[in-house]
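# Chains, contacts and geometry: an overview
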Amino acid sequence: MERQLGELCGGLLARGHRVVVIARRCELAAHPRLRWVRVRTPRRPFSLAYPAFFIAGSIAVRRHREGLLHTTGAVVANRTDLSTVHFCHHGFRAAAGAPQTSRRSPAYRVNAAVCAWMSRVAERACFRPRGTRRLVAVSEGVARELERFFPRGGREVSVIANGVDRDAFAPDADGREQTRGALGLASEDLVALFVGGDWERKGLRHVIEGVAAAEGWQLLVIGAGDVPRYREIASGSGAGDRVHWVGATTRPAPYYAAADAFVLPSAYEAFPLVGLEAAAAGLPLLMSRVNGVEELVEDGRNGWFVEHDGASIAKRLRTLGEDPQLRARMARAARDASARYTWDGVVDTYVTLYVTLAQGERPSTLVAAPTP
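Calculation notes
Residues numbered from 1 in each chain as written. Predicted model: local features only at pLDDT ≥ 70, side-chain atom pairs only at ≥ 80, totals over all residues. Heavy atoms only, no water. Phe/Tyr/Trp six-rings, centres within 6.5 Å; stacked < 30°, edge-to-face > 60°. Helix = DSSP H or I, 4+ residues; strand = E, 2+ residues; numbered from the N terminus. Buried < 20%, exposed > 50% of the residue type's maximum accessible area, 1.4 Å probe, protein only. Pairing = 2+ DSSP bridges. Contact = heavy atoms within 4.5 Å.

## Examining the packing of aromatic side chains
- Tallying each qualifying case throughout the model produces 12 aromatic pairs.
- Ring plane angle 85° and centroid distance 6.3 Å describe the contact between Tyr 50 and Phe 54, whose orientation is recorded as edge-to-face. With a gap of 4 residues between them, Tyr 50 and Phe 54 both fall in helix α2 (residues 46-64), about one helical turn apart. Accessibility classification places Tyr 50 together with Phe 54 in one group, the buried group.
- Ring pairing ties together the aromatic residues Phe 46, Tyr 50 and Phe 54, which thus form one cluster.

In structure tokens:
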């Protein structure tokens, strides 16, 4: 969400628009047409940060709003012109059931349940037609969820997917060798890549089990999570010495370059940006059939849809490991598929929508809140 907001704001400024950002933090470079209204609320826990931002952000919008109001999800009580939905909590509940947590302690479980309930309440309040004029889904799947849970009486739900910087995530042979060397991996090693937080929902357990059953494959895990717990899973599955825990990073591109396949058997997504990054990096895509992925993966051409189990993942990894030419063909097809998703195209589509809503070019106010 933050990456999409940054690209959108930067693109609007480059096209001559004035932008007011109402957010807890803003990492955009100073610009004469950019105004940042800082909302001072706690960062954690989300069960406190979310309602605090909802109240403080609503007050800030009332005081500082200019022109169209564009929010990212259900984050303020004000009447909104359009809201981009990066995660539909009603859709998640229907698809994945109870909320999952990064830790198994009672406190984490209670916090997750409270957060999920608050998010659904806010969606019901904000996504009704009188609360938001136009909803924008980041995938066709999310659009279907919005139409199912928040019927708008024939009012359109727009679909504007995320983009990807194909230059930043392009295949990099030199970077591949350097990153592998730093990780203690050999040139001939087969390397699967997992990127993300919320490891339970995104299926890291299944990835580890798949790698364990696919001889010769190593696994890079990028992102923050309960490392001790998942180390035990890796050790118990027999892959303990083949799983490399990189942690969170602001520079993931070198790890995509170092990999041979991307694996994400997630239980729910809106449109995972990491999938687009992996495609741009030329990695065969092994991903579950969830929102957004349905539009990116061409089964058997640039990757495969996998199930939420290690056996399904191991089968595809073994096939890739045994056929270098297949890996190369799928890598090229994945790279080609990413060409449909450009940040310039995203910004241009939003500008067109802004003009439609405003019946003329006007300043835009964007509101963003922290994600759980």
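Here the narrative resumes, following the displayed structure.
## A look at the pairing of strand β1 (residues 19-23)
- The element β1 is largely enclosed, with a buried count of 5 among its 5 residues.
- Where burial is concerned, the two faces of β1 agree: the one with Val 19, Val 21 and Ala 23 and the one with Val 20 and Ile 22 are both buried.
- Across 5 bridges, β1 lies against strand β2 (residues 34-38) in parallel orientation. Within β2, the residue paired with Val 20 across the bridge is Arg 35.

## Comments concerning the environment of Val 293
- Its place among the elements puts Val 293 in helix α12 (residues 293-296).
- As a C-alpha pair, Val 293 and Gly 131 span 162 residues in sequence and 29 Å in three-dimensional space.
- Every residue in contact with Val 293, bar those within four places of it in the chain, is listed here: Pro 272, Met 287, Ser 288 and Phe 305.

What is shown is where atoms sit, not what they do.
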